[in-house]
Amino acid sequence: MLLIFLLTFSFNSIYACSCARTALDEKFRSNDFVALAKIIEVLPDKKDKEYHNIEIQIISLYKGEQVKKLKIHSWLSSSCAFYTEKNSTWLIFANNYNGELRFGYCSGAVQQDQKFDLVKYPDADVRHKENLDLKLAVLSWIKKSKMSFKNQHELSVWLPKENLEVLRNFNGTKSDFAVVEYEIAEDIKLRKTTLLKGFNNKKLSAMLLSQLKKAVKVNHRTLKELPEKTKVYGIYYFYPEGPYESFVSTYDL
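Colleague: So what's going on with the sheet that holds strand 11 (residues 230-239)? Residues and values would help.
Modeller: Two pairing modes exist for strands in a sheet, parallel and antiparallel, and in both the strands are linked by backbone hydrogen bonds. Spatial strand order, 9-8-11-12: four strands in an open sheet with antiparallel pairing. A single partner strand is all that each edge strand has here, and the edge strands are strand 9 (190-197) and strand 12 (247-249). Each strand of the sheet is rotated relative to its neighbour by a mean of 25 degrees, with strand direction disregarded. Direction of pairing for strand 8 (residues 176-184) relative to strand 9: antiparallel, over a ladder of six bridges. Within strand 9, the position partnered with Glu-181 by the bridge is Thr-194.

Colleague: Requested: an account of the nonpolar core, with residues and values cited.
Modeller: Nonpolar side chains tend to gather and get buried jointly when the protein is soluble and globular. Formed by 24 residues in total, the largest nonpolar core has its most connected members in Leu-91, Phe-149, Phe-177 and Tyr-237. Of all the secondary structure elements, the ones that give two or more residues to this core are helix 2 (24-30), strand 1 (33-44), strand 4 (89-97), helix 3 (124-145), strand 8 and strand 11. A per-element tally of this core places helix 3 first, with seven residues. Here Phe-149 is in contact with Asp-25, Arg-29, Trp-141, Ile-142, Val-179, Tyr-233 and Ile-235, once residues within four sequence places are set aside. Counting 22 residues, the second largest nonpolar core, distinct from the first, contains Leu-155, Ile-184, Leu-212 and Phe-238.

Colleague: Residues and numbers for the environment of Asn-53, please.
Modeller: Checked against the element boundaries, Asn-53 lands in strand 2 (residues 52-63). Considered as a pair, Asn-53 and Arg-102 are 49 residues apart in the sequence and their alpha carbons are 9.3 Å apart. Residue contacts for Asn-53: discarding those within four places in its chain leaves Glu-41, Val-42, Leu-43, Pro-44, Asp-45, Leu-70 and Lys-71. Reaching out from Asn-53, the side chain makes a polar contact with the side chain of Asp-45 at a distance of 3.5 Å.

Colleague: Give me the packing of aromatic side chains: which residues, what numbers.
Modeller: The final tally for this structure, using the stated rule, is five aromatic pairs. On the basis of an interplanar angle of 75 degrees and a centroid distance of 5.4 Å, the ring pair of Phe-82 and Trp-90 is categorised as edge-to-face. According to the relative accessible area criterion, Phe-82 is buried, its value standing at 8%. Since its relative accessible area comes to 7%, Trp-90 is described here as buried. Of the aromatic side chains, those joined through ring pairs into one cluster are Phe-82, Trp-90 and Phe-103. Above the plane of the ring of Phe-28 lies Lys-63, whose end atom (NZ or CZ) is 5.1 Å from the centre.

Colleague: How would you sum up unusual backbone geometry? Please name residues and give values.
Modeller: Here Asn-98, not a glycine, exhibits a phi torsion of approximately 55 degrees, which is positive. Of note, Asn-98 is situated in the loop between strand 4 and strand 5 (100-104). Looking at Asn-98, the relative accessible area reads 66%, which means it is exposed. Although it is not a glycine, Ile-188 sits at a positive phi angle of roughly 60 degrees. Residue classification places Ile-188 among the buried positions, given a relative accessible area of 9%.

Conventions used here
- Residues numbered from 1 in each chain as written.
- Predicted model: local features only at pLDDT ≥ 70, side-chain atom pairs only at ≥ 80, totals over all residues.
- Heavy atoms only, no water.
- Pairing = 2+ DSSP bridges.
- Helix = DSSP H or I, 4+ residues; strand = E, 2+ residues; numbered from the N terminus.
- Axes fitted to C-alpha atoms, helices over the stretch in contact; angles between N-to-C directions.
- Core = buried A, V, L, I, M, F, W, Y, C linked by side-chain atoms within 4.5 Å.
- Buried < 20%, exposed > 50% of the residue type's maximum accessible area, 1.4 Å probe, protein only.
- Contact = heavy atoms within 4.5 Å.
- Polar contact = N/O pair within 3.5 Å; in protein donor to acceptor, adjacent residues only side chain to side chain.
- Phe/Tyr/Trp six-rings, centres within 6.5 Å; stacked < 30°, edge-to-face > 60°.
- Lys NZ or Arg CZ within 6 Å of the ring centre and 35° of its normal.

Here's what the structure looks like:
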């Protein structure tokens, strides 16, 4: 049911407006403001019809400064139309542009109190809550750990699909996440892998670390050497059994 729900909503989103798929840690790294907030007011922008101005009440701030006003790229006349209703609550990712924090359809915003057609999708509200709760748990961990998740040299670090496949069919009733730190040497070789936060399932954590140490790939599209050694971070997500076996992914679904 989880996969059907995700594929259905992904298909509808792609059909309406195409956005590049971005992992949660990348959204955190690339945006200036990340927060769970309630929308207090929504007003059309008098200078630009493509935008609305909103006032917010921050519930949890994960990155950036305490603010009360943002601008949304509502673009209501397009297939990428986006609108945050008054009194709704959203997880917001916004960037500073000319001194204003802005976000829109492709920013990755998620409505916490979204309503679903439960006749057509009986478990949609439960799945939505579980997926958002997982995102908020990750963001809370990042905030508590005071990590920036910077990737200053834009290195690509990944675990091949066949090694992720090994991490299927482990016990667990709730979605979970693990955080990994990679130490990369000047020659762009992996020197050390550290599990900063493991899964609740210790056996799965040990298996993940084993696969990472054995098979992680590191690359840069142009550089052959780095000016100094650096650290890069990754997040892995565990999704429990349902109609299908459990699995681990690098994406927050």
